[in-house]
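# Breakdown of the fold
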Amino acid sequence: MTTELDRVREIVAPIASDLQHDLYDIERRGPTIRVTLDTPPGSEGGVDLDTLALATRLISREMDHEDPISGKYTLEVTSPGLERSLRTATHFQREIGKDITVRLAGHAVAEGDQRRVDGKLVAADDTTATLVLDSGEERVIEIAAVDKARTVFEWGPAPKPGSGSKSS
């Protein structure tokens, strides 16, 4: 059975491809349909505002024509940002080598284990993700047991106070 979001995906995927971007995610949050576009893995830079504006116009026009969503909705076209949400196995596989934080669903936490797991994502397949924790320990988590996960962006150090040039 084809869902509304499947129909949206069929509309958006070729547009994203034509713009030389990847369709990172599609989700529905209440009346909002959020389409997330990303640059292909290994690309320099991210998705710029001009690309998002163009993608919004193209996707909106096609969705008006195809009408894949029943009722009223708001279309939001965005990029995943620096700290991107990880919801699918593909998301995890795409971010191997990066630091991530994971909150496991309550039912998935064994007694004595932490609900929150932080570490470097070193492997991922269709069902599991492997993290190396700060302690050096490897931890394999079931992707289906993840309540919420995202990459962690390490901001650089703040400039030292008074390091600018002084005018007399």
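Everything here concerns the structure above.
As a starting point, this report considers the structure included with it. Just so you know, these numbers come straight off a predicted model, no measurement behind them.

## Focus: the sheet that holds strand 8 (residues 146–151)
Within the open sheet, the five strands sit side by side as 7-6-5-4-8. Their pairing is antiparallel. The outermost strands of the open sheet, each flanked by one partner alone, are strand 7 (138–142) and strand 8. Strand-to-strand twist in this sheet, taken as the mean axis angle between neighbours without regard to direction, amounts to 40 degrees. By the bridge criterion, five bridges tie strand 6 (residues 128–132) to strand 7 in an arrangement that is antiparallel.

## Quick look at the packing of helix 1 (residues 4–18) against helix 2 (residues 49–66)
Interhelical geometry of helix 1 versus helix 2 gives an angle of 145 degrees and a closest axis separation of 10 Å. Considering the relative orientation of helix 1 and helix 2, their crossing is right-handed. Residues Val8, Ile11, Val12 and Ile15 of helix 1 pack against Leu58, Ile59, Glu62, Met63 and Glu66 of helix 2.

## With respect to the packing of aromatic side chains
One pass over the structure, following the stated rule, counts zero aromatic pairs. The lysine or arginine in question, Arg84, covers the ring of Tyr24, its NZ or CZ lying 5.5 Å from the ring centre.

Rules of the game
- Every chain begins its residue count from 1, and numbering advances along the sequence as written.
- The model is predicted, so local features are restricted to residues of pLDDT at least 70 and side-chain atom pairs to those at 80 or more, both for listing and for counting; the totals for chains, interfaces and linings are taken over all residues.
- Hydrogens and water molecules were not included; the side-chain quantities draw on all heavy atoms of the structure.
- Strand pairing follows a simple DSSP-based rule, namely that at least 2 bridges must link the two strands.
- Numbering of helices and strands starts at the N terminus; helices are DSSP runs of H or I of at least 4 residues and strands are runs of E of at least 2.
- Helix axes are fitted to C-alpha atoms over the stretch in contact, other axes to C-alpha atoms as well, and angles between N-to-C directions run from 0 to 180 degrees.
- Put simply, a crossing is left-handed when the front helix is turned counterclockwise from the back one by less than a right angle, and right-handed when it is turned clockwise.
- A contact between two residues is defined here by any heavy atoms of the two lying within 4.5 Å.
- Aromatic pairing here means that ring centres of Phe, Tyr or Trp (its six-membered ring) are within 6.5 Å. Orientation follows from the plane angle: under 30 degrees is stacked, over 60 is edge-to-face, and everything else is tilted.
- In this analysis the charged atom, NZ for Lys or CZ for Arg, is taken to sit over a ring once it is within 6 Å of the ring centre and within 35 degrees of the ring normal.

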